[in-house]
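This is what each chain is made of:
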Amino acid sequence: MWLVFALFFLLPLAVTLVVSFWEFTQYSIEPAFILRNYADLFDGCIDGLPYLCTTLKTYLSTLKFCFLVWAVTLVIGFSVAYFLAFHVRSLPMQVTCFLICTIPFWTSIVIRMIAWIPLLGRNGLVNQALMGMGVTDQPLEWLLYSDFSVILALVHLYTLFMVVPIFNSMMRIDPALIEAARDSGASGRQTLTNVVIPLARPGILIGSIFVVTIVMGDFLTIGIMGGQQIASVGKTIQTEIQYLQFPLAAANAVLLLIAVMLAISALLRMVDIRKEL
């Protein structure tokens, strides 16, 4: 297992780190050890204060999407998992509900993105319905190719990654604890906040790690649903690779890895997964 881990995880990371120090021109990539790639990423960050440089703006934009998607998927995922764990008693019905949740994964991610365009476009079904009901006199431009459409698509894609681990944690909760809380006079809200949520924390943490790591590196969803107009770190790396700027893309990837590791470290400080599991 250590050999597999080193070959498919540690070695690619090491190669990325090494390449991030190489020198590149418009015509070639040369092995070297320079810090120019990292310096170019933060070019203007010091001199341009109090204004933010392009790299920091891009990371703030990515973190904004990450936080909003995490918050929405947490609310939806927790609600769905709670319903499946405590209100759906039949195992066949639970399996059926899970299959319904996994239906979007049966198709290509590109198809799932394109499917939103006829709904949210200027002449899409949503705008036509709103104008037909008299809610608005003209199409809403912000429904598509905007922050709203990006967040909506990301939530649509990655809520399942929050549902499954939370549901797994809730299924391990002893029903006797719920009954004991009710017999002690606890309300439904008190039972939820004092019994269910603390015992479901490992699942919440694991789901949060899944969502945060995926959204931080996502570029396809942001590119399609943002109309190639919204900046993100993943989109920046993709653009640099298209222009064969591999060392610069590797440097950006290293910074993204550090940012993701810091976010995961902050989450891991809240719950000791080994102890809880």
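- Under the annotation held in an unreviewed UniProt entry, the protein chain carries the name ABC transporter permease and is attributed to Mesobaculum littorinae.
- The Sequence similarities (unreviewed entry) comment attached to the protein chain in UniProt states, word for word, "Belongs to the binding-protein-dependent transport system permease family. CysTW subfamily."
- Checking UniProt for the protein chain, the heading Subcellular location (unreviewed entry) contains the comment "Cell membrane".

## Some remarks on the packing of helix α3 (residues 54-86) against helix α11 (residues 188-199)
Two quantities define a packed helix pair, namely the angle between the helix axes and the distance between the axes.
Step number 1: Running from N to C, α3 and α11 cross one another at 85°; their axes reach a closest spacing of 13 Å. In terms of axis orientation, α3 runs roughly perpendicular to α11. Judged by residue contacts, F78, Y82 and F86 of α3 engage L192, V196 and I197 from α11.
Step number 2: Within the contact of α3 with α11, the residues separate by chemical class into six nonpolar, no polar and no charged.

## Description of the nonpolar core
Step number 1: Counting 64 residues, the largest nonpolar core has I166, M170 and M225 as the members making the most contacts within it.
Step number 2: Among the elements that make up this core, the one with the highest residue count is α3 (10 residues).
Step number 3: The contact partners of I166, leaving out residues within four places of it in the chain, are L74, G77, F78, A81, G203 and I204.

## Quick look at the side chain of E240
Step number 1: Here E240 is to be found in helix α14 (residues 233-242).
Step number 2: For E240, which is buried and forms no salt bridge, the nearest opposite charge comes from R36, at a distance of 12 Å.
Step number 3: Of note is the side chain of E240, whose polar atom sits 3.3 Å from the side chain of N252.
Step number 4: Setting aside residues no more than four positions away along its own chain, E240 makes contact with L41, Q245, L248, A249 and N252.

## So, the UniProt feature "transmembrane region" (unreviewed entry) in the protein chain
Step number 1: As annotated by UniProt and renumbered to match this structure, "transmembrane region" (unreviewed entry) occupies residues 67-85, 97-117, 142-167, 204-226 and 246-268.
Step number 2: End-to-end, the C-alpha atoms of residues 97-117 are 27 Å apart, and along that stretch the chain is 62% helix and 0% strand.

## A short note on the pattern of salt bridges
Step number 1: Enumeration over the complete set of coordinates arrives at four salt bridges.
Step number 2: For the salt bridge of E141 with R122, the shortest nitrogen-to-oxygen distance reads 1.8 Å. You can see E141 sitting in the loop between α7 (125-132) and α8 (147-158) and its partner R122 sitting in the loop between α6 (117-120) and α7, a full 19 residues away along the chain.
Step number 3: Note that E179 and R182 form a salt bridge whose closest N and O atoms lie 3.7 Å from each other. Residue E179 and its partner R182 are located together in helix α10 (residues 175-183), separated by three residues, close to a single helical turn.

## With respect to the UniProt feature "domain: ABC transmembrane type-1" (unreviewed entry) in the protein chain
Step number 1: UniProt annotation of "domain: ABC transmembrane type-1" (unreviewed entry) refers to residues 59-267 when read in the numbering used here.
Step number 2: Here residues 59-267 runs as 76% helix and 0% strand, with 19 Å between its end C-alpha atoms.

## Regarding the packing of helix α12 (residues 201-217) against helix α15 (residues 246-268)
Step number 1: Where α12 contacts α15, the axes come no closer than 10 Å and their chain directions differ by 165°. The pairing of α12 with α15 is recorded here as roughly antiparallel in orientation. In the crossing of α12 with α15, the sense of the turn from one axis to the other is right-handed. Contacts between α12 and α15 pair L205, S208, I209, V212, T213, M216 and G217 from the former with L256, A259, V260, A263, I264, L267 and L268 from the latter.
Step number 2: Its residues placed into classes, the contact of α12 with α15 shows 11 nonpolar, three polar and no charged.

## Considerations on the environment of L63
Step number 1: Tracing the backbone shows L63 in helix α3.
Step number 2: Residues L63 and M216, 153 residues apart in the sequence, show an inter-C-alpha distance of 7.2 Å.

## As for a nonpolar patch on the surface
Step number 1: On the surface, W2, F5, F9, L10, L13, L257 and M261 cluster together into a nonpolar patch covering about 710 Å² of accessible area.
Step number 2: If you trace the backbone, M261 turns up in helix α15.

Rules behind the numbers
- Residues numbered from 1 in each chain as written.
- Predicted model: local features only at pLDDT ≥ 70, side-chain atom pairs only at ≥ 80, totals over all residues.
- Heavy atoms only, no water.
- UniProt positions renumbered as here; feature names shortened; annotations may be inferred.
- Axes fitted to C-alpha atoms, helices over the stretch in contact; angles between N-to-C directions.
- Helix = DSSP H or I, 4+ residues; strand = E, 2+ residues; numbered from the N terminus.
- Parallel < 35°, antiparallel > 145°, perpendicular 65-115°, else oblique.
- Contact = heavy atoms within 4.5 Å.
- Nonpolar A, V, L, I, M, F, W, Y, C, P; charged D, E, K, R; others polar.
- Core = buried A, V, L, I, M, F, W, Y, C linked by side-chain atoms within 4.5 Å.
- Buried < 20%, exposed > 50% of the residue type's maximum accessible area, 1.4 Å probe, protein only.
- Lys, Arg positive; Asp, Glu negative; His and termini not counted.
- Salt bridge = Lys/Arg side-chain N within 4 Å of Asp/Glu carboxyl O.
- Polar contact = N/O pair within 3.5 Å; in protein donor to acceptor, adjacent residues only side chain to side chain.
- Left-handed = near helix turned anticlockwise from the far one by under 90°.
- Patch = residues over 30% accessible without salt bridge, like charges linked within 9 Å, V, L, I, M, F, W, Y side chains within 5 Å.
- Areas by Shrake-Rupley, 256 points an atom, 1.4 Å probe, with all protein chains shown as cover.

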